[in-house]
Amino acid sequence: MSPDVDEIAAWNGVSPHVDEIAAWNDTARELPGGGDTLPELFRTQVSRTPDATALVFRDTRLSYTELDERSDRLARLLAGHGAAPDRVVALTVPRSVELVVALLAVLKTGAAYLPVDPDYPADRIGYLLADAAPVLLLTHSDVEATLPPGARPEGLPRLVVDAQEEPLERAPFAPARPPAAQDAAYVIYTSGSTGRPKGVVVPHAGIVNRLHWMQHEYRLTGDDRVLQKTPSGFDVSVWEFFWPLITGATLVVAEPGGHKDPAYLAELIRGERITTVHFVPSMLQVFLDEPAAALCTGLRRVVCSGEALPVELADRFTASLPGVPLHNLYGPTEASVDVTYWEYTPEPGATSVPIGRPVWNTRLYVLDAALRPAAVGETGELYLAGVQLALGYLNRPGLTAERFVADPYGPPGSRMYRTGDLARRRPDGALDYVGRADHQVKIRGLRVELGEIEAALARHPAVSGAAVLVREDRPGDKRLVGYVVPAPGGTVDPAELRTLAATTLPDYMVPSTVVVLESLPLTPNGKLDRKALPAPPDAAAAPARVAPRTPQEALLCDLFAEVLGLSETQVGVEDSFLELGGHSLSAIRLVSRIRAAFDTDLKVRQVFKTPTVAALAACLASAGR
């Protein structure tokens, strides 16, 4: 049994590590003025630079004053529909001017915003909206036409943000009760180990601290231009949206879906003179594969987070864009996006890139199983404390109490968050990320609980048991593989299971392959032995394939094989890129090669619409290529 807080506190008096921990966690900092909440900070900036360009999307440009006025008008309308502190307003709005206006408007009312990806399956959208119980749903005409049937709960009021008439009143909006620092700013859902996602509630105090630290560290100015490309349902988007808008810089919003297209991103970065951009490391790898990436020399800072940054990738970046600083950040959604930082500099013989040191008003503990500090160089579980901690999980008090626990090393009454990440300290106090203590994983920078996918597979009546594993059978190519055991007398169709999973899970959580087993391997004590789960059958073992019939099909077969690490004989014209093991990042690599080979402007989404060689060849032929 772990010791209680009093026992640990008594033990602290003789711990040789306590003084070192206190020194490494000496991050207390009084925040600059300008307000305690996001809308206050934005209004302060409007007063400083009213005519500066705040927002760019396609051909639309809004000044700070124009953006403030538009968000005021919408905020007044939202308040009339019940938006206020302690309430949630959901949004299914694609990247656009309307999205930025809507986010500011929700925050001005004091409500918390809940982003919901309209591309999610209807079941998942419906669950998020039912679980969060928002007072209002903001949507967009582009989404209304495509939102899956049954995705919106009955009785939930909605506003189509690009179809509202301009109200006559144009006075500044003043809510009945302005938001306070401890009020919720946003709710973002993350994958849940019990089979359903959980909503993380983040207060203004946390994200405001995060943004003030970021501005102190990286110093945006009025001539900086920050690219917003992360989907709004992921927490990196929060600083992309609001950091530029509270510092007088310009927010440049990418096209919906543009974050998946490295050629488009390179063109946008150069055309819009972007100075600041974020990449998940796996997407940075794909971006650097794009020849035009090396021409993005106007960048002043590139931020990486979301998954471990390999040394080889960091070195490749510095070779491709010499002189552009690369910053490695770490943090969970439960701690206002990021809590550690490290500027990359090559180190001879280095095998990992540190996640670094704590940001302002943040404490980091590397603890053993008894909650005692691990010695320098020893691996322990990483716990976080300080002002950036989330309020907890929405409507999940039990889970909140389990993950947000008493902090025995902090002031009385303080909390710390158990991350489930393993870390170790370097002699200078910086942290190295080691891995996970549980079955949470990152797939292309996106947080995934394997238990949620297993629960989705197990819902099929013909399945008696399910397990999911992240495999990297080819270096650098992580993919989800499902393993299922049929119920007695039942049969399981792997393709049918993937289709079923896609009705409840976002596409990045759907296993690329499902393997049917007679039984799941167990350890001697009866637990699932994940290390004994077999590799999926080799593609060569599949039935005979249809050979290419035209030079175009032959070339596409070669490109499929090249990207997926297969031989040409393992790809036929009726084979699906996805069923051969392809996923979103490998699809980006495939499209880049198709563009070069066929001199065409093929979009990544076309691979998912027409995933076979024959279908893609027909698509290219119809486009005149």
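Residues numbered from 1 in each chain as written. Predicted model: local features only at pLDDT ≥ 70, side-chain atom pairs only at ≥ 80, totals over all residues. Heavy atoms only, no water.

**Q** How would you summarise unusual backbone geometry if you had to cite specific residues and measurements?
**A** In the Ramachandran plot, Ala133 falls in the positive-phi region, its phi being about 50 degrees despite a non-glycine side chain. Within the element layout of this structure, Ala133 appears in the loop between α6 (122–132) and β5 (136–139). Phi is positive for Asp599, which is not a glycine, with a value near 50 degrees. Overall, the relative accessible area of 57% leaves Asp599 in the exposed class. (Helix = DSSP H or I, 4+ residues; strand = E, 2+ residues; numbered from the N terminus. Buried < 20%, exposed > 50% of the residue type's maximum accessible area, 1.4 Å probe, protein only.)

**Q** Please provide a residue-by-residue account of the side chain of Glu272, values included.
**A** Secondary-structure assignment places Glu272 in the loop between α10 (262–271) and β11 (276–279). Aside from chain neighbours lying at most four places away, what touches Glu272 is Val56, Arg58, Arg61, Arg225 and Val252. (Contact = heavy atoms within 4.5 Å.)

**Q** Give a description of empty space enclosed by the protein that names residues and reports values.
**A** Enumeration according to the criterion identifies 4 cavities of 30 Å³ or more in this entry. Space inside the largest cavity adds up to approximately 90 Å³. Contributing to the lining of the largest cavity are 12 residues, with Ile21, Trp24, Pro373, Ala374 and Arg425 lying nearest its centre. Every element with two or more residues in the lining of the largest cavity is listed here: α2 (18–24) and β20 (415–425). A per-element tally of the lining of the largest cavity places α2 first, with 3 residues. The class makeup of the residues in the lining of the largest cavity is 7 nonpolar, 1 polar and 4 charged. (1 Å grid on protein atoms, 1.4 Å probe; cavity = no way out; pocket = protein on both sides within 12 Å on 5 of 7 lines; lining within 4 Å. Points joined across faces, edges and corners; volume = space filled by probe spheres on them. Nonpolar A, V, L, I, M, F, W, Y, C, P; charged D, E, K, R; others polar.)

**Q** So what's going on with the domain arrangement of the chain? Residues and values would help.
**A** You can read the domains of the chain as domain 1 (15–36 + 203–437), domain 2 (445–536) and domain 3 (545–622). Taking only C-alpha atoms, the centre of domain 1 and the centre of domain 3 are 36 Å apart. Domain 1 puts 10 residues into the contact, and the matching count from domain 3 is 6 residues. Regarding the contact of domain 1 and domain 3, the summed buried area is about 680 Å², with carbon and sulfur atoms giving 61% of it. At the junction of domain 1 with domain 3, the criterion picks out 2 salt bridges. (Domains from an automatic or database assignment. Buried area = accessible area lost by both parts, 1.4 Å probe. Salt bridge = Lys/Arg side-chain N within 4 Å of Asp/Glu carboxyl O.)

**Q** Outline the sheet that holds strand β25 (residues 477–486), supporting the account with residue identities and numerical values.
**A** Taken in spatial order, the 3 strands line up as β24-β25-β26 in an open sheet, and their pairing is mixed. For this open sheet the edge positions go to β24 (463–474) and β26 (513–516), each flanked by a neighbour on one side alone. Direction aside, neighbouring strands of the sheet carry axes that sit 30 degrees apart on average. Pairing analysis gives 4 bridges linking β25 to β26, with the strands arranged parallel. Its bridge partner lying in β26, Gly482 is registered against Val514. Of the strands in this sheet, β24, β25 and β26 touch helix α15 (residues 494–502), which is tilted by about 130 degrees from β26. (Pairing = 2+ DSSP bridges. Axes fitted to C-alpha atoms, helices over the stretch in contact; angles between N-to-C directions.)

**Q** Requested: an account of helix α12 (residues 311–320), with residues and values cited.
**A** Listed in full, the buried residues belonging to α12 are Val311, Leu313, Ala314 and Phe317. Across the axial projection of α12, the buried residues extend over an arc of 165 degrees, all falling on one side. The exposed set on the far side of α12, more than 90 degrees from its buried face, consists of Glu312 and Ala319. (Arc of directions from axis to C-beta.)

**Q** Any details on the packing of helix α3 (residues 38–48) against helix α5 (residues 97–109)? Residues and values, ideally.
**A** The contact between α3 and α5 brings their axes to 8 Å, and the two run at 115 degrees. Touching Leu38, Pro39, Phe42 and Arg43 of α3 are Leu104, Leu107 and Lys108, all from α5. Its residues assigned to classes, the contact of α3 with α5 shows 5 nonpolar, no polar and 2 charged.

**Q** Mind laying out the pairing of strand β17 (residues 379–386), listing which residues take part and the relevant values?
**A** The side chains of a regular strand alternate between the sheet's two faces. Across the 8 residues that make up β17, a large majority, 6, are buried. As defined by bridge partners, strand β16 (residues 362–367) adjoins β17 across 6 bridges and the pair is classed as antiparallel. Directly across from Arg363, in β17, lies its bridge partner Ala385. Bridge count for β17 against β20 is 6 bridges, and the pairing is antiparallel. Across the sheet, residue Glu381 finds its bridge partner in β20, namely Leu422.

**Q** Got a sec to walk through the pattern of salt bridges? Specific residues and values, please.
**A** Across all of its chains, the model carries 35 salt bridges by this definition. The partner of Asp223 in a salt bridge is Arg300, with the nearest N and O atoms 3.2 Å apart. Highlighted residues: Asp223 in the loop between α8 (204–218) and β9 (225–228) and Arg300 in the loop between α11 (281–289) and β12 (301–304), separated in sequence by 77 residues. Each of Arg43, Asp68, Asp72 and Lys108 takes part in a single network of salt bridges with overlapping partners.

**Q** Describe the environment of Val97, naming the residues involved and giving the relevant values.
**A** You can see Val97 is positioned in helix α5. According to the relative accessible area criterion, Val97 is buried, its value standing at 5%. C-alpha separation for the pair Val97 and Leu399, spaced 302 residues apart in sequence, amounts to 36 Å. For Val97, the residues in contact, after removing those within four places along its chain, are Leu55, Phe57, Thr60, Leu62 and Arg70.

**Q** Which residues make up the packing of aromatic side chains, and what values do they have?
**A** Within this structure, the stated rule accounts for 15 aromatic pairs. In textbook terms, an aromatic cluster arises when at least three aromatic residues are bridged by ring pairs, as seen for Trp213, Tyr218, Trp239, Trp243 and Tyr341. In this structure, Arg124 is placed above the aromatic ring of Tyr120, and the distance from its NZ or CZ to the ring centre is 5.6 Å. (Phe/Tyr/Trp six-rings, centres within 6.5 Å; stacked < 30°, edge-to-face > 60°. Lys NZ or Arg CZ within 6 Å of the ring centre and 35° of its normal.)

**Q** Outline the packing of helix α4 (residues 64–80) against α5, supporting the account with residue identities and numerical values.
**A** How two helices sit against one another is set out by the angle between their axes and by the gap between those axes. Closest axis-to-axis distance for the α4/α5 pair is 8 Å, and the angle between their directions is 60 degrees. As the angle between them shows, α4 and α5 are arranged oblique. Here α4 runs over α5; the crossing is right-handed. For the pair formed by α4 and α5, the contact residues are Leu67, Asp68, Arg70, Ser71, Asp72, Leu74, Ala75, Leu78 and Ala79 on the first element and Val97, Glu98, Val100, Val101, Ala102, Leu104, Ala105, Val106, Lys108 and Thr109 on the second. Looking at the contact of α4 with α5 residue by residue, the class counts come to 12 nonpolar, 2 polar and 5 charged. (Parallel < 35°, antiparallel > 145°, perpendicular 65-115°, else oblique. Left-handed = near helix turned anticlockwise from the far one by under 90°.)

**Q** Lay out the nonpolar core in plain terms, naming residues and giving numbers.
**A** Soluble globular proteins tend to pack their nonpolar side chains together in the buried interior. Core analysis: the largest hydrophobic core is formed by 80 residues, its most contacted members being Leu67, Leu138 and Phe242. Of all the elements, α5 adds the most residues to this core, at 10 residues. Here Leu67 is in contact with Phe42, Ala54, Leu55, Leu62, Val100, Val101, Leu104 and Leu245, once residues within four sequence places are set aside. One finds Leu309, Phe317, Phe560 and Leu564 within the second-largest nonpolar core, a separate group that totals 63 residues. (Core = buried A, V, L, I, M, F, W, Y, C linked by side-chain atoms within 4.5 Å.)

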